[in-house]
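# Summary of structural features
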Amino acid sequence: MEDNPPRLVILYASQTGNALDVTEHVGREAECMCSTGVVLSMDEIDAACLQYENILVFVISTTGQSDIPDSMKVFWRFLLQRNLGQSWLEGVNYTVFGLGDSGYQKYNFAAKRLDKRLSDLGAKPIIGRGLGGD
Ligand SMILES: Cc1cc2nc3c(=O)[nH]c(=O)nc-3n(C[C@H](O)[C@H](O)[C@H](O)COP(=O)(O)O)c2cc1C
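For the structure given in this document, a descriptive report is provided here. Please read these numbers as outputs of a predicted model, since none were measured by experiment.

### As for the side chain of Asp-115
With respect to the element layout, Asp-115 can be found in helix H3 (residues 109-120). At 3.2 Å, the side chain of Asp-115 and the side chain of Arg-129 are in polar contact. In contact with Asp-115, not counting residues within four places along its chain, are Tyr-94, Val-96 and Arg-129.

### Comments concerning the site of the ligand
In the vicinity of the ligand there are 19 residues, among which Ser-14, Thr-16, Thr-62, Asn-108 and Asp-134 approach most closely. A distance of 2.8 Å is found between an oxygen atom of the ligand and a backbone nitrogen or oxygen belonging to Ala-19. Relative to its free-state accessible area of 640 Å², the ligand is covered by the protein chains to the extent of 83%. Put simply, the parts of the chain that give the shell around the ligand at least two residues each are helix H1 (18-33) and strand S4 (93-100).

### Thoughts on the nonpolar core
Counting residues in hydrophobic clusters, the biggest one holds 28 residues, and the most contacted among them are Leu-11, Phe-58, Ile-60, Phe-75 and Leu-114. Put simply, the parts of the chain that give this core at least two residues each are strand S1 (8-13), strand S3 (55-61), helix H2 (73-79), S4 and H3. Tallying contributions element by element places H3 first for this core, with 4 residues. Each residue touching Phe-58, except ones within four places of it in the same chain, is listed here: Leu-11, Met-42, Phe-75, Tyr-94, Thr-95, Val-96, Phe-97, Leu-114 and Leu-118. Counting 8 residues, the second largest nonpolar core, distinct from the first, contains Tyr-12, Ala-19, Ala-30 and Val-57.

### Examining H3
Between the first and last C-alpha of H3 there are 16 Å, a value that for 12 residues agrees with the 16 Å anticipated at 1.5 Å per step. Residues of H3 that are buried: Ala-110, Ala-111, Leu-114, Asp-115, Arg-117 and Leu-118. Close packing links the buried residues of H3 with S3, H2, S4 and strand S6 (130-133). Among the residues trailing H3, Gly-122 stands out with phi positive, at a value near 100°.

### Observations concerning the environment of Ile-127
The residue Ile-127 is located in the loop between strand S5 (124-125) and S6 in this model. For the pair Ile-127 and Gln-65, spaced 62 residues apart in sequence, the C-alpha separation works out to 28 Å. Not counting chain neighbours up to four residues away, the residues in contact with Ile-127 comprise Tyr-94 and Thr-95.

### A closer look at the pattern of salt bridges
For the structure on display, the rule yields 5 salt bridges. In this structure, Glu-53 engages Arg-7 in a salt bridge whose closest nitrogen and oxygen atoms are separated by 2.9 Å. Here Glu-53, found in the loop between strand S2 (37-41) and S3, pairs with Arg-7, found in the segment before S1; they are 46 residues apart in sequence, far enough to count as distant. Relative accessible area serves as the criterion here: at 35%, Arg-7 is assigned to the partly exposed category. Residue Lys-73 pairs with Asp-70 through a salt bridge whose shortest N-O separation is 3.4 Å. A relative accessible area of 30% means that Lys-73 is categorised as partly exposed. Here the residues in one salt-bridge network are Asp-67, Asp-70 and Lys-73, joined through shared partners.

### Regarding H1
Helix length check: H1 (16 residues) gives 23 Å between terminal C-alpha atoms against 22 Å at 1.5 Å per residue, within 8%. Of the residues making up H1, those classed as buried are Ala-19, Thr-23, Gly-27 and Ala-30. Taken down its axis, H1 places every buried residue within 75° of arc, on the same side. Among the exposed residues of H1, those oriented more than 90 degrees off its buried face are Arg-28 and Cys-32. The inward-facing, buried residues of H1 abut S1, S2, S3 and S4.

So, how was this worked out
- Residues numbered from 1 in each chain as written.
- Predicted model: local features only at pLDDT ≥ 70, side-chain atom pairs only at ≥ 80, totals over all residues.
- Heavy atoms only, no water.
- Helix = DSSP H or I, 4+ residues; strand = E, 2+ residues; numbered from the N terminus.
- Polar contact = N/O pair within 3.5 Å; in protein donor to acceptor, adjacent residues only side chain to side chain.
- Contact = heavy atoms within 4.5 Å.
- Near = heavy atom within 4 Å.
- Areas by Shrake-Rupley, 256 points an atom, 1.4 Å probe, with all protein chains shown as cover.
- Core = buried A, V, L, I, M, F, W, Y, C linked by side-chain atoms within 4.5 Å.
- Buried < 20%, exposed > 50% of the residue type's maximum accessible area, 1.4 Å probe, protein only.
- Expected span 1.5 Å × (residues − 1).
- Salt bridge = Lys/Arg side-chain N within 4 Å of Asp/Glu carboxyl O.
- Arc of directions from axis to C-beta.

In structure tokens, the structure reads:
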């Protein structure tokens, strides 16, 4: 019997739309390589289910006072829970692409924080995070 192909989930959080544009591009590229991909805003997924995924691609912008986009707030609150251990995301592969502006002191702060938290929870980076500037 054939194994199921790994599922690729692309999750984005955007405040003014740029991260969504990038996500659509990434999604189209992924579609060519992997037929089992899905694109979701971070407020469309229950973060508790992340542990069951194979490959996660995050596209996230920094906004406000070096803050996360509004659509990521519930998701992020869940991930910051102290009771999630160092192996909670063991077996999950991920990468993060951040959108920011190097004119800000805390460049791509949201993407950097997310990358660190995912790694602290045991997820494995497939490639190093990418940081894009306006
Ligand atoms: C109010 C505001 C605050 C921002 N703060 C930061 C910041 O602290 N660090 C950073 O790297 N970029 C910051 N940016 C730049 C955005 O991250 C950048 O414009 C990005 O492309 C926006 O993506 P989005 O349209 O998906 O929200 C800020 C932009 C705005 C409008």
